[in-house]
Amino acid sequence: MEFRALTVAREFGSGGGRIAGIVARRLGWKLLDQEIIGRIAQDANVESKVVKRYDEHVDSWLLRMNEEAIRGVALATGRPISDEDIFDARAMADRTRKVIEEAHAAGNCVIVGRGAQCILQHKRDAFHVFVYAPLRERIERLKKRLEPGVDIEQRLRAVDSERAKYLHRQFGRHWCDPHLYDLMLRSTDDEEAAAGIILYAISGASIADAEVVAFEVRHAR
């Protein structure tokens, strides 16, 4: 099977986004990660910060009620509804799906998160990866990325919880369900080696070769 798309779901702090970037660079494929935010902002005619607020997030029940109230008042008074008025998590999910489906149709793309593993689940030419790492290793990674004084463990739990809720709300699937993925990969500090595992997997390399790479990743310290 020749694959034309790769989706990479990731635990926060696992390095999954950077690993996806390495794979995209080595393959010469287009990477869709933060670029999705910019594309949706342009298409929806809203600011990037508004789009980012809903990226892989779900609306609270109170926010959903307020949005419905805004729509109701606008309809009752005849006031035009602006794009920002009606841009919410549901609109974000719909536009994200459109971007992902268009990227798959064009082919040769690596898509990070955003439920792409569910949107493209039944596309035979899409390969799905989940990247995870032990908590202590993720904390060490994030110490280098997050602002000083932040509660890293709390941030980890919050981001992972929101991503899991997003997948469940939008697709009715569990984020860590192994049946969603062709490969579940424990990352290490050597992100190049982790990317190599994925490249071996999607290239149809022999099992023996893949086992050699896995051994090297496990011992790359």
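Cut-offs and rules
- Residues numbered from 1 in each chain as written.
- Predicted model: local features only at pLDDT ≥ 70, side-chain atom pairs only at ≥ 80, totals over all residues.
- Heavy atoms only, no water.
- pLDDT = per-residue confidence, 0-100.
- Contact = heavy atoms within 4.5 Å.
- 1 Å grid on protein atoms, 1.4 Å probe; cavity = no way out; pocket = protein on both sides within 12 Å on 5 of 7 lines; lining within 4 Å.
- Points joined across faces, edges and corners; volume = space filled by probe spheres on them.
- Helix = DSSP H or I, 4+ residues; strand = E, 2+ residues; numbered from the N terminus.
- Nonpolar A, V, L, I, M, F, W, Y, C, P; charged D, E, K, R; others polar.
- Pairing = 2+ DSSP bridges.
- Axes fitted to C-alpha atoms, helices over the stretch in contact; angles between N-to-C directions.
- Parallel < 35°, antiparallel > 145°, perpendicular 65-115°, else oblique.
- Left-handed = near helix turned anticlockwise from the far one by under 90°.
- Buried < 20%, exposed > 50% of the residue type's maximum accessible area, 1.4 Å probe, protein only.

Caption draft 1: Summary view of the confidence of the model for the chain. The predicted model of the chain averages 81 in pLDDT, with 78% of residues at 70 or higher. With pLDDT under 50 throughout, residues 60-75 is counted as low confidence; its partners more than four residues away or in other chains account for 15 contacts. The model gives residues 206-217 a pLDDT under 50, and that stretch makes twelve contacts with residues more than four places away or in other chains.

Caption draft 2: The layout of surface pockets, seen in detail. What the largest pocket holds in volume is close to 580 Å³. What lines the largest pocket is a set of 24 residues, and nearest its centre among them are Arg10, Phe12, Arg145, Val159 and Arg163. Counting residues per element, the lining of the largest pocket draws most heavily on helix α9 (residues 152-171), at five residues. A class-by-class count of the residues in the lining of the largest pocket yields five nonpolar, seven polar and twelve charged.

Caption draft 3: A look at the sheet that holds strand β2 (residues 30-32). Read across the sheet, five strands follow the order β2-β3-β1-β4-β5 without closing on themselves; strand pairing throughout is parallel. Looking along the sheet, the strands with just one partner apiece sit at the ends: β2 and β5 (183-186). Within this sheet the neighbouring strands show an average axis-to-axis angle of 20°, counted without direction. Alignment of strand β1 (residues 5-10) against strand β3 (residues 109-112), held across four bridges, turns out to be parallel. Following the sheet pairing, Ala5 is matched in β3 by Cys109. Against the sheet, helix α2 (residues 35-44) makes contact with β2 and β3, and its axis sits at roughly 75° relative to β2, the strand it touches most.

Caption draft 4: Main features of empty space enclosed by the protein. Overall, the coordinates contain one cavity of 30 Å³ or more when judged by the stated rule. For the largest cavity, the calculated volume is near 50 Å³. Lining the largest cavity are Ala9, Arg10, Glu56, Gly113, Arg114, Gly115, Gln117, Arg163, Tyr166, Leu167 and Trp175. Elements represented by at least two residues in the lining of the largest cavity include exactly β1 and α9. Considering every element that reaches the lining of the largest cavity, the biggest residue donor is α9, with three residues. Classifying every residue of the lining of the largest cavity gives four nonpolar, three polar and four charged.

Caption draft 5: Region of the structure containing the side chain of Gln117. Secondary-structure assignment places Gln117 in helix α7 (residues 116-119). Filtering out sequence-adjacent residues up to four positions away, Gln117 remains in contact with Thr7, Ala9, His128, Leu167, Trp175, Leu180 and Tyr181.

Caption draft 6: Molecular detail of the packing of α2 against helix α6 (residues 89-106). Interaxial distance between α2 and α6 falls to 10 Å at its minimum, and their mutual angle equals 110°. Considered as vectors, α2 and α6 are oriented roughly perpendicular to each other. As for how α2 packs across α6, the hand of that crossing is right-handed. When α2 is examined against α6, the residues Ile36, Arg39, Ile40, Asp43 and Ala44 are found in contact with a partner set consisting of Met92, Arg95, Thr96 and Val99.

Caption draft 7: Molecular detail of helix α8 (residues 135-143). Turning to α8, its buried residues number three or more, namely Glu137, Arg138, Ile139, Arg141 and Leu142. Close packing links the buried residues of α8 with α1 (16-27), α9, β5 and α10 (191-203).

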